[in-house]
Number of protein chains: 4
Amino acid sequence: MKMDKKIKIGVVGMGRIGKLHTENIIRNFKNVEVKAVSDVCIENAKEWANNLGINNVYEDYQKILNDKEIDSVLICSSTNTHTQLIIESARAKKNIFCEKPIGYDIEEITKALKVVKETGVKLQIGFNRRFDHNFSKVRNIIEEGAVGQPHIIKVTSRDPEEPPIEYIKVSGGMLFDMTIHDFDMVRYLSGSDVEEVYTTGAVLVNEDIGKVGDIDTAIVTLKLKDGSIAVIDNSRKAVYGYDQRVEVFGSEGSVQVSNDTDSSAIISNKNGVISEKPKFFFLERYKDSFIKELEDFFNAVSNDGKVPVDGLDGLQSVLIAKAATKSLKEGKPIKIL
Amino acid sequence: MKMDKKIKIGVVGMGRIGKLHTENIIRNFKNVEVKAVSDVCIENAKEWANNLGINNVYEDYQKILNDKEIDSVLICSSTNTHTQLIIESARAKKNIFCEKPIGYDIEEITKALKVVKETGVKLQIGFNRRFDHNFSKVRNIIEEGAVGQPHIIKVTSRDPEEPPIEYIKVSGGMLFDMTIHDFDMVRYLSGSDVEEVYTTGAVLVNEDIGKVGDIDTAIVTLKLKDGSIAVIDNSRKAVYGYDQRVEVFGSEGSVQVSNDTDSSAIISNKNGVISEKPKFFFLERYKDSFIKELEDFFNAVSNDGKVPVDGLDGLQSVLIAKAATKSLKEGKPIKIL
Amino acid sequence: MKMDKKIKIGVVGMGRIGKLHTENIIRNFKNVEVKAVSDVCIENAKEWANNLGINNVYEDYQKILNDKEIDSVLICSSTNTHTQLIIESARAKKNIFCEKPIGYDIEEITKALKVVKETGVKLQIGFNRRFDHNFSKVRNIIEEGAVGQPHIIKVTSRDPEEPPIEYIKVSGGMLFDMTIHDFDMVRYLSGSDVEEVYTTGAVLVNEDIGKVGDIDTAIVTLKLKDGSIAVIDNSRKAVYGYDQRVEVFGSEGSVQVSNDTDSSAIISNKNGVISEKPKFFFLERYKDSFIKELEDFFNAVSNDGKVPVDGLDGLQSVLIAKAATKSLKEGKPIKIL
Amino acid sequence: MKMDKKIKIGVVGMGRIGKLHTENIIRNFKNVEVKAVSDVCIENAKEWANNLGINNVYEDYQKILNDKEIDSVLICSSTNTHTQLIIESARAKKNIFCEKPIGYDIEEITKALKVVKETGVKLQIGFNRRFDHNFSKVRNIIEEGAVGQPHIIKVTSRDPEEPPIEYIKVSGGMLFDMTIHDFDMVRYLSGSDVEEVYTTGAVLVNEDIGKVGDIDTAIVTLKLKDGSIAVIDNSRKAVYGYDQRVEVFGSEGSVQVSNDTDSSAIISNKNGVISEKPKFFFLERYKDSFIKELEDFFNAVSNDGKVPVDGLDGLQSVLIAKAATKSLKEGKPIKIL
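Residues numbered from 1 in each chain as written. Chains lettered and ligands numbered in written order. Predicted model: local features only at pLDDT ≥ 70, side-chain atom pairs only at ≥ 80, totals over all residues. Heavy atoms only, no water.

### Focus: the pairing of strand β9 (residues 217-224) of chain A
All names here are of chain A.
Part 1 of the argument: Counting buried residues in β9 gives 7 out of 8 residues, a clear majority hidden from the surface.
Part 2 of the argument: The pairing of strand β8 (residues 194-202) with β9 spans 8 bridges and is antiparallel. Across the sheet, the residue bridging to Gly201 is Ala218, located in β9.
Part 3 of the argument: Where β9 lies against strand β10 (residues 229-235), 7 bridges are found, and the strand directions are antiparallel. (Buried < 20%, exposed > 50% of the residue type's maximum accessible area, 1.4 Å probe, protein only. Helix = DSSP H or I, 4+ residues; strand = E, 2+ residues; numbered from the N terminus. Pairing = 2+ DSSP bridges.)

Shown next as structure tokens:
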């Protein structure tokens with residue numbers, strides 16, 4: 001990475017992903033300094049931050065926004081705070097890296113994007129999977145024309161186990177907290193926006209999920225604006241681990257990527273020919289992608305370049321998730337706004 | 001195969017599939033005699049049949065039905081003749097092996113099945129893919145419970161090249177002539193009937209196909225009566241060959257089968273690591289399945305057993321194809337009758 | 001297969017392989033008639049032969065040689081009878097298909113080949129693995145130049161279980177009854193003769209094998225006359241099944257083939273990602289190759305063509321096996337005569 | 001990594017591997033400080049070191065040994081200096097990480113190991129492949145007993161391109177500079193020492209290599225003290241990239257690992273089914289293993305533990321390489337001393 005100047009950042013929200021980003025930055029980016037972090041429950045993070053050499057640990061994120069030395073913020077707090085934080089950060093002239101989803105409310109998102117545009121700050125959304133070695137390779141292959149014009153895009157995305165019911169209640173539902181990555185993947189791979197979506201959902205993993213009004217299994221079909229078709233299959237629970245694959249079928253061929261494993265070991269014994277399960281979950285599978293997305297963000301900030309995933313990408317994925325949720329409820333295909 | 005008595009059969013329709021079955025019988029079943037064949041254009045088949053030692057070659061299939069020695073018929077004529085031939089054959093007390101689809105018209109099919117029931121003859125439908133070594137293995141694995149309760153069934157079915165436009169005009173459309181195999185596969189693998197179907201179609205391979213009112217690319221989503229979900233993806237043209245794969249994801253794991261190839265050779269050179277394309281088309285890929293479906297039919301006839309694919313299976317696949325076609329036209333999910 | 005005339009054959013030796021060939025011929029070659037079979041213990045084979053429609057079942061193979069109508073014989077009796085039978089068959093003007101190995105004694109083999117040459121009959125040796133879809137594909141790839149000039153040839157050949165000790169006592173030892181196929185494979189794939197051989201052997205599977213003077217595990221290294229090197233690894237017992245793979249590494253790349261399985265099914269569950277074991281043993285794995293080697297023999301007979309595996313191939317493999325056995329005993333590399 | 005105290009180190013030799021280790025330490029080990037580096041041609045390294053924040057850059061390694069604060073040295077200079085440096089470092093009470101091979105001369109190595117023993121410092125040899133995710137997994141699988149008692153160990157090790165002739169002249173030959181890793185791999189996987197070795201070599205890649213008295217292609221067979229057999233195949237040039245695989249076959253099954261690739265992408269098109277080539281060379285393939293071997297070294301130093309690859313491992317691999325070289329020259333198997 002070529003960086004013309006040292007970047008000073010603040011991280012808002014010290015949950016799992018906030019801590020992950022902070023550690024990744026300290027380990028990997030010598031020209032980036034995490035000057036301050038904040039969290040509403042700061043006690044949990046204080047010792048952890050001090051051990052990493054971060055001395056400015058705040059309860060109030062305003063202290064980050066008020067620090068003139070800090071030129072960029074990472075928004076890792078809960079989704080319902082995202083748009084407000086984007087607006088305030090933009091007005092404080094901070095470049096913004098915001099976790100997905102950008103928000104729940106289209107009006108608020110639109111307003112936030114307007115402020116971002118007016119202030120001219122950079123805004124990148126944390127769709128880290130675009131930076132995965134497998135998926136970015138698929139995108140490259142498509143761009144090189146090696147499979148011709150895409151006709152069918154298939155995304156398989158299954159978690160190793162369902163989240164707690166308490167999380168499901170506030171997450172916006174599976175289509176919002178899980179499938180939203182896959183909606184972005186379809187847009188990323190195809191390079192096309194989505195026109196219409198149809199959701200078939202079921203409660204097959206855990207009936208408690210159904211009781212709180214959500215689904216745990218889904219097939220989502222998408223008509224793309226370029227005329228091609230995409231399909232996503234989701235499950236909250238694959239007993240063999242995190243299943244993350246895509247296939248793009250086109251006029252000149254197809255390309256597919258499979259799961260990553262810890263080793264290529266294959267045992268042949270009297271029971272069969274046995275290879276390893278997929279890497280357990282997103283922290284293992286997407287480890288490097290979390291670093292690469294930040295590298296691109298810092299490069300854009302440092303060199304005044306274009307961010308690779310912008311606010312409109314954040315908005316589009318929410319629009320699709322909303323339409324997919326509506327489709328599930330109404331039992332019919334829904335056009336994207 | 002244990003057969004208690006010699007079976008004498010007649011084959012109606014000497015197109016590609018009629019000839020294939022006839023040759024397979026002569027080569028593989030010593031206790032089965034092809035006593036007669038018929039075709040409306042008998043001149044094409046006469047020499048071919050004589051060379052195989054078949055001396056009774058008729059223009060009129062009635063001669064087969066009138067032959068008291070013949071106890072079974074194979075109906076390999078065009079689809080629009082199937083139900084009438086089933087009725088006449090059943091009334092002539094012949095056991096029946098009928099190619100798929102069983103017909104186009106639900107009323108006619110229902111009537112034919114009624115006659116079959118009344119006469120007590122056996123009727124097997126030619127869904128040969130159920131007898132493929134890969135797909136039957138998947139079914140066995142599901143039945144053994146190795147993947148638990150199925151949640152998601154995925155069928156990929158792509159032809160190596162589109163058929164002539166003249167064929168498409170009369171075939172009933174892609175959902176009827178091609179996807180019907182996949183509808184049956186979903187029923188076979190799941191062991192469940194289908195409740196609702198939703199079709200997303202596109203014309204991406206050849207615009208002439210669109211001009212005659214058909215599609216060449218589709219994603220079809222099916223809700224099954226057991227609560228699980230299935231999805232089929234189709235294309236009329238995969239440049240790398242006949243792509244025939246399934247994946248069943250369940251509560252205890254998943255099982256998938258891939259394409260067959262002529263050899264397992266893998267070449268590593270400066271261009272990459274290169275393995276063989278799938279076997280070219282259905283004659284190559286499903287070669288053995290055409291023999292196995294007949295073996296089961298002859299066993300059922302010989303031992304008065306149950307046929308593995310019956311008239312209701314034939315009817316159900318047509319019902320789904322009709323609903324899928326309606327879904328495509330109306331742009332919404334359609335319940336199966 | 002194009003055959004200009006009907007071939008009548010006799011089969012000498014009705015053990016497992018004799019019966020296999022006989023059944024394959026009856027099922028697959030309409031222009032070949034098995035007119036007679038013989039065995040020193042004919043009682044075992046009589047009913048079996050009659051059921052197949054073979055009426056001439058002899059104790060004395062001379063009756064086959066004396067039958068003027070018979071133009072070819074298959075020698076499937078025990079190895080110690082091969083050279084004598086080749087000589088007598090050749091003098092009786094019969095074309096000969098002889099199982100491997102062609103014999104144990106170089107002098108006798110040389111004499112037999114001399115008679116074959118003088119009489120002008122055809123002699124094919126039963127190295128069926130040359131006709132396996134995987135190995136013949138590798139040979140084709142090499143001939144096309146796709147991997148350049150071969151440098152290293154690797155043959156893995158492991159049986160699923162050791163044979164009875166009684167068999168081992170009379171078989172000539174592992175290098176003679178098992179590795180001989182691999183010696184021929186090295187010659188087949190490389191197109192080169194062998195210059196020198198070095199054997200490292202061990203008794204690791206069953207110590208009783210060591211007690212009768214044989215080994216059950218070996219690495220055999222071969223210097224080829226074209227300058228390249230080959231290595232064979234053998235075991236009498238692979239618990240996961242019959243392991244039959246080759247790899248050829250050359251100046252422009254490498255090619256490898258893996259084991260065949262009954263299906264491509266892969267199960268992913270909490271224990272791992274599990275695919276099928278190799279086909280159990282040679283009857284399953286090499287099923288089709290036994291038919292193809294006969295097809296080529298009958299073609300050569302019918303059209304007066306060249307047999308694909310001739311007497312010199314049979315001799316060479318025995319010469320290598322003898323040198324490999326000497327190398328094992330003397331603990332040093334041995335030149336091929 | 002738990003480390004009880006801060007470690008200060010000096011690195012002797014600033015060639016490619018010296019720089020690699022230095023950068024890995026700075027990036028990955030917060031409790032390890034690279035206090036000084038030295039090189040006989042220090043000009044090349046000065047700016048590079050200063051940019052990394054290393055201020056002590058010496059021409060004379062004695063300055064490192066004289067620095068009382070430095071408790072460990074990494075010996076990355078040319079092989080002919082290794083034993084002398086080990087002796088001097090040990091006498092200066094430094095713990096030692098020494099690159100492979102430990103030396104060329106058995107007497108010198110023995111003397112160095114004696115000094116190491118007397119002084120009680122730690123000595124680890126840089127056989128990084130033991131720390132590769134694939135090979136360490138194979139070792140774990142063997143230790144768990146999943147393949148039973150090992151019978152056959154196969155190591156494939158091929159470089160993507162031959163080194164310059166000038167390097168070959170001074171490297172000790174292929175068996176010494178390249179195969180030595182594979183000798184160690186056989187010892188690592190088997191947990192057994194080697195009794196006897198036999199080398200078959202050839203010059204097939206580049207005849208200039210033959211002109212300077214070396215080979216570029218080899219099969220090396222090893223008898224192990226535990227009764228099992230190992231075989232290594234080497235080539236200086238695999239056009240498809242760095243080929244690094246092992247297979248261990250045992251009484252209860254086999255385990256094999258294949259090459260790593262940059263992604264799992266598989267393209268199917270009219271030419272075939274194409275996956276990626278292996279990672280290019282050792283810097284890419286073994287990237288993580290270089291970090292893990294240091295982690296284990298620093299842990300041993302910090303916690304006064306046992307190093308995972310000790311001086312005797314270094315000595316044994318040289319003994320095997322010497323015997324293999326003698327075998328090649330004399331054309332017969334050679335016992336290890």
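Having seen the model, we can carry on.
### A few points about the environment of Asn66 of chain C
Part 1 of the argument: Its location among the elements puts Asn66 of chain C in helix α3 (residues 62-66).
Part 2 of the argument: Once the C-alpha coordinates of Asn66 of chain C and Ser327 of chain C are considered, the two residues, 261 residues apart in sequence, prove to be 43 Å apart.

### Things to note about the relation of the copies chain C and chain D
Part 1 of the argument: In the superposition of chain C on chain D (RMSD 0.0 Å, axial shift 0.0 Å), the rotation amounts to 180 degrees. Each copy turns onto its partner about a two-fold axis. Minimal C-alpha separation from the rotation axis in chain C is found for Lys332 of chain C, amounting to 2.8 Å.
Part 2 of the argument: A high fraction, 100%, of the interface residues of chain C reappear at the interface in chain D, so the copies pair face to face through one surface. (Least-squares fit on C-alpha atoms with pLDDT ≥ 70 in both. Contact = heavy atoms within 4.5 Å.)

### Some points on the packing of aromatic side chains
Part 1 of the argument: This model, assessed by the stated rule, comprises 46 aromatic pairs over all chains.
Part 2 of the argument: Taking the centre distance of 5.0 Å and the plane angle of 70 degrees together, the rings of Tyr242 of chain C and Phe281 of chain C count as edge-to-face. You can see Tyr242 of chain C sitting in the loop between β10 (229-235) and β11 (243-250) and its partner Phe281 of chain C sitting in the loop between β14 (272-275) and α11 (282-285), a full 39 residues away along the chain. Like Phe281 of chain C, Tyr242 of chain C is buried.
Part 3 of the argument: Between Phe97 of chain D and Phe297 of chain D, the aromatic rings sit 5.7 Å apart at their centres with planes inclined by 65 degrees, giving edge-to-face as the arrangement. With Phe97 of chain D in strand β5 (residues 95-98) and Phe297 of chain D in helix α12 (residues 287-302), this pair connects stretches of sequence that are 200 residues apart. Like Phe97 of chain D, the residue Phe297 of chain D is buried in the burial classification.
Part 4 of the argument: One cation-aromatic arrangement involves Lys19 of chain B over Trp48 of chain B; the distance from NZ or CZ to the ring centre is 5.5 Å. (Phe/Tyr/Trp six-rings, centres within 6.5 Å; stacked < 30°, edge-to-face > 60°. Lys NZ or Arg CZ within 6 Å of the ring centre and 35° of its normal.)

### A closer look at the sheet that holds strand β3 (residues 56-58) of chain D
Residues and elements named next belong to chain D.
Part 1 of the argument: Read from one edge to the other, the open sheet built from 6 strands follows the order β3-β2-β1-β4-β5-β6, with strand pairing classed as parallel. Each edge of the open sheet is held by one strand with a lone partner, namely β3 and β6 (123-125). Neighbouring strand axes in the sheet, compared pairwise and without regard to direction, differ in orientation by 20 degrees on average.
Part 2 of the argument: The pairing of strand β1 (residues 7-12) with strand β2 (residues 32-38) spans 6 bridges and is classified as parallel. The partner of Val12 across the bridge, within β2, is Ser38. (Axes fitted to C-alpha atoms, helices over the stretch in contact; angles between N-to-C directions.)

### Some details on the side chain of Thr22 of chain C
Residues and elements named next belong to chain C.
Part 1 of the argument: With respect to the helices and strands, Thr22 occurs in helix α1 (residues 16-28).
Part 2 of the argument: On the accessibility criterion, Thr22 (0% relative accessible area) is buried.
Part 3 of the argument: If we ignore the near neighbours within four places in the chain, the residues touching Thr22 are Val11, Met14, Val34, Trp48, Leu52 and Ile54.

### Details of the relation of the copies chain B and chain C
Part 1 of the argument: For the pair chain B and chain C, the relating rotation is 180 degrees, the translation along its axis is 0.0 Å, and the fit reaches an RMSD of 0.0 Å.
Part 2 of the argument: The share of interface residues of chain B whose copies in chain C are also at the interface is 100%, consistent with both copies meeting through the same surface.

### Side note on the interface of chain C and chain D
Quoted interface sizes are often the accessible area lost when the parts come together.
Part 1 of the argument: Chain C puts 39 residues into the contact, and the matching count from chain D is 39 residues.
Part 2 of the argument: Both sides of the chain C and chain D interface together cover about 2,900 Å² of buried area, and 66% of this is carbon and sulfur.
Part 3 of the argument: Area buried by chain C at its contact with chain D is led by Leu204, Ile229 and Phe249 of chain C, which between them contribute 18% of it.
Part 4 of the argument: Scanning the region where chain C abuts chain D turns up 6 salt bridges.
Part 5 of the argument: One salt bridge connects Glu247 of chain C with Arg158 of chain D, and the closest N-O pair in it is separated by 2.8 Å.
Part 6 of the argument: Where chain C meets chain D, there are 11 residue pairs in polar contact (both at pLDDT 80 or more).
Part 7 of the argument: Looking at the side of chain C that touches chain D, the elements with two or more residues in it are β7 (150-158), β8 (194-202), β9 (217-224), β10, β11 and β12 (253-257) of chain C.
Part 8 of the argument: When the residues that make up the side of chain C that touches chain D are grouped by side-chain class, the tally is 14 nonpolar, 15 polar and 10 charged. (Buried area = accessible area lost by both parts, 1.4 Å probe. Salt bridge = Lys/Arg side-chain N within 4 Å of Asp/Glu carboxyl O. Polar contact = N/O pair within 3.5 Å; in protein donor to acceptor, adjacent residues only side chain to side chain. Nonpolar A, V, L, I, M, F, W, Y, C, P; charged D, E, K, R; others polar.)

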